[in-house]
Amino acid sequence: MSQSFHRPEGLERRQLERLEEYVQRGQLMAPDHLLQSAYAHLEDIQGLPTPPGDAELELAAAICHVLDRIVSEWDAFSPVEQSWLRGVMWYFAKSNDACHDHRQGGFRDDAEVLNACLRYVRRDEWMLSLGENAS
C-alpha cells in the first residue's frame, strides 16, 4: 500500500510536479499511443528550422529508444509503475516541461526524469548517461 505513495526520487521539485501532472493526464492513454507521441515529438524537433545540436538530438533519440523498450516490456511492470512510465512518456512528448526542449540542454531534464523512473521500476541498466552534457 505504501508504494502507491512512493514516487521516483532524485528529481527537482519542478520536474516532479510536471511528472505528477503527466501521470494524471496519461492514466487512460495506451502506452503505444504515448510512444507514438514521443516519436512524433522527436520528428518535430529534428524538423525545426534550427534544430538543437547533434548531442541534443542524440539524447532525444536515445530517450525514444528507451521508451520503446519500456513499452515492449509493458506487462512486466505493476500498475503503479505503469502510471509513472506513462507520465515519463508524456513528459518527453511535451516540449514545454521543466526545461523547454527547443533550448540548448532542453532534453537533459527529460533524461533525468526518465532515469529517475527507471530507478523506480528497477531498470537501472537502461538509464542514460548524462556525463558531460551538463547545462
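This section reports on the structure supplied with the text.

Cut-offs applied
- Residues numbered from 1 in each chain as written.
- Predicted model: local features only at pLDDT ≥ 70, side-chain atom pairs only at ≥ 80, totals over all residues.
- Heavy atoms only, no water.
- Helix = DSSP H or I, 4+ residues; strand = E, 2+ residues; numbered from the N terminus.
- Buried < 20%, exposed > 50% of the residue type's maximum accessible area, 1.4 Å probe, protein only.
- Contact = heavy atoms within 4.5 Å.
- Areas by Shrake-Rupley, 256 points an atom, 1.4 Å probe, with all protein chains shown as cover.
- Lys, Arg positive; Asp, Glu negative; His and termini not counted.
- Charge placed at Lys NZ, Arg CZ, Asp CG, Glu CD.
- Disulfide = S-S within 2.5 Å.
- Salt bridge = Lys/Arg side-chain N within 4 Å of Asp/Glu carboxyl O.

### Comments concerning the overall build of the protein
Next up, step 1: Of the regular secondary structure elements, the protein holds five helices and zero strands.
Next up, step 2: Buried residues in the protein amount to 49% of all 135 residues.
Next up, step 3: Contacts spanning at least 24 positions in sequence make up 70% of the contacts within the protein whose residues lie at least 6 apart.
Next up, step 4: When the accessible surface of the protein is split by element, carbon and sulfur atoms take 47% of a total near 7,200 Å².
Next up, step 5: Charged side chains of the protein number 13 positive and 23 negative; the gap between the two group centres comes to 6 Å.

### Regarding the state of the cysteines
Next up, step 1: Scanning the entire structure with this criterion turns up zero disulfides.
Next up, step 2: Distance from the sulfur of Cys 64, which forms no disulfide, to the nearest cysteine sulfur (Cys 117) is 15 Å.
Next up, step 3: On the basis of relative accessible area, Cys 64 is assigned to the buried category, the value being 0%.
Next up, step 4: Using a relative accessible area of 0% as the deciding quantity, one classes Cys 117 as buried.

### Notes on unusual backbone geometry
Next up, step 1: The backbone phi angle of Arg 122 is positive, close to 60 degrees, even though this residue is not glycine.
Next up, step 2: In this fold, Arg 122 is placed in the segment after α5 (108-120).
Next up, step 3: On the basis of relative accessible area, Arg 122 is assigned to the exposed category, the value being 55%.

### Examining the pattern of salt bridges
Next up, step 1: Tallied over the entire structure, the rule returns six salt bridges.
Next up, step 2: The salt bridge involving Arg 13 is made with Glu 17; its shortest N-O contact spans 2.8 Å. Of this pair, Arg 13 and Glu 17 both sit in helix α1 (residues 13-26), four residues apart, roughly one helical turn.
Next up, step 3: A salt bridge links Glu 112 to Arg 108; the shortest N-O distance between them is 3.2 Å. Of the two residues, Glu 112 and Arg 108 are both situated in helix α5; the distance of four residues between them amounts to about one turn of the helix.
Next up, step 4: Classification of Glu 112 as partly exposed rests on a relative accessible area of 25%.
Next up, step 5: Since its relative accessible area comes to 18%, Arg 108 is described here as buried.

Everything listed is a geometric property; what it means functionally is a separate question.
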